[in-house]
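Examination of the molecular architecture
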Amino acid sequence: MRVENSFIGTDGVGEKTEQSIWEAGVTHWDEFEPSVVGGQRGERIQQFIDEGRDRIAATDVPYFDRAFPSGERWRLYETFSDRACFFDIETTGLDQDRNQVTTVSFYQDGDTETLVAGDDLTSETLRAAFDGADLLVTFNGKRFDVPFLEANFDVDLDRPHLDLMYTCKKIGLSGGLKQVERDIGIERDRPDISGRDAVRLWREHEQGRDGALETLVSYNREDTVNLETLAETVTGRLDEQLFGDYY
């Protein structure tokens, strides 16, 4: 499901109208004619398509983020996945005002980077890492990762954000990231390590224990890289549910 398969971004067009367009055999912007719907609605859809082509060419992800209903923003992923930044943080606790961010890992264009507190984790390096990321992809990042980073560093992460925790719930997958990974068959190198262990590993690193930081970084990076597989799997299933009958 790409943005170009969608008509729901048009003002006044809901799920039923979009589905009726698909049922008429029009499953892509290139196939649309205003007469398929008729009247002013057809004209509005054509205007949305004309504007949308320019916005895609300009990689204007915020435009579609505003246009699509919140529950349908997963449709942005396939179109803009090459501009996505998968990221995950580890902390010393759950309180953004009292606890510390210890590591932040990013996965973009097949490359993984991890910033570590006390070394290279700063406001400047965070801004550089997010620079050029038009679509954030996290798991529970809207409630946890983003507020934590904004509270502790001088960064503004107000941009299109695909939080896979909510996307997973649309297909009946609930629980934390590790549980969802198990449910869809994503395997881990160290399935025995949890978020609680991540706090312990940081404390051990502070105490000078050899290998603790390396293990923590490996765990954080695996969380981050697995987000891509999760995003592709979940959006693929939603695509099949919503659009599969119209291929």
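A brief report on the enclosed structure follows.

Rules of the game
Residues numbered from 1 in each chain as written. Predicted model: local features only at pLDDT ≥ 70, side-chain atom pairs only at ≥ 80, totals over all residues. Heavy atoms only, no water. Helix = DSSP H or I, 4+ residues; strand = E, 2+ residues; numbered from the N terminus. Buried < 20%, exposed > 50% of the residue type's maximum accessible area, 1.4 Å probe, protein only. Contact = heavy atoms within 4.5 Å. Areas by Shrake-Rupley, 256 points an atom, 1.4 Å probe, with all protein chains shown as cover. Lys, Arg positive; Asp, Glu negative; His and termini not counted. Charge placed at Lys NZ, Arg CZ, Asp CG, Glu CD. Phe/Tyr/Trp six-rings, centres within 6.5 Å; stacked < 30°, edge-to-face > 60°. Core = buried A, V, L, I, M, F, W, Y, C linked by side-chain atoms within 4.5 Å.

**Concerning the overall build of the protein chain**
From N to C terminus, the protein chain includes ten helices and five strands. Along the three orthogonal principal directions, the C-alpha set of the protein chain runs to about 70 × 35 × 30 Å. Buried residues in the protein chain amount to 50% of all 247 residues. Intrachain contacts of the protein chain at a sequence separation of at least 6 include 62% that bridge at least 24 residues. Total accessible area computed for the protein chain in this model is approximately 12,200 Å², and 40% of it derives from carbon and sulfur atoms. Computed over 27 positive and 52 negative side-chain charges, the inter-centroid distance for the protein chain is 5 Å.

**Describing the packing of aromatic side chains**
For the coordinates displayed, the defined rule picks out 15 aromatic pairs. Measuring from ring centre to ring centre gives 5.0 Å for Tyr 63 and Phe 64, while their planes differ by 85 degrees; the resulting arrangement is edge-to-face. Each member of the pair Tyr 63 and Phe 64 is classed as buried. Linked through ring pairs, Trp 29, Phe 48, Tyr 63, Phe 64, Phe 68 and Phe 80 together constitute an aromatic cluster.

**Section: the nonpolar core**
If you look at the biggest cluster of nonpolar residues, it comprises 43 residues, and the most contacted ones within it are Phe 7, Phe 64, Phe 86, Val 137, Phe 139, Leu 164 and Leu 230. With six residues, helix H10 (residues 212–243) is the largest single contributor of residues to this core. Residue contacts for Phe 139: discarding those within four places in its chain leaves Asp 145, Asp 163, Leu 164, Met 165, Cys 168, Gly 175, Gly 176, Leu 177, Val 180, Leu 227 and Leu 230. By size, the runner-up hydrophobic cluster in this structure holds 31 residues, among which are Phe 87, Leu 121, Ala 129 and Leu 157.

**Quick notes on unusual backbone geometry**
Of note in the backbone geometry, Asp 109 takes a positive phi value of approximately 55 degrees without being a glycine. With respect to the helices, strands and loops of the structure, Asp 109 is situated in the loop between strand E2 (101–108) and strand E3 (111–116). Phi is positive for Asn 140, close to 65 degrees, though the residue is something other than glycine. Inspection of the secondary structure puts Asn 140 in the loop between strand E4 (135–138) and helix H6 (141–152).

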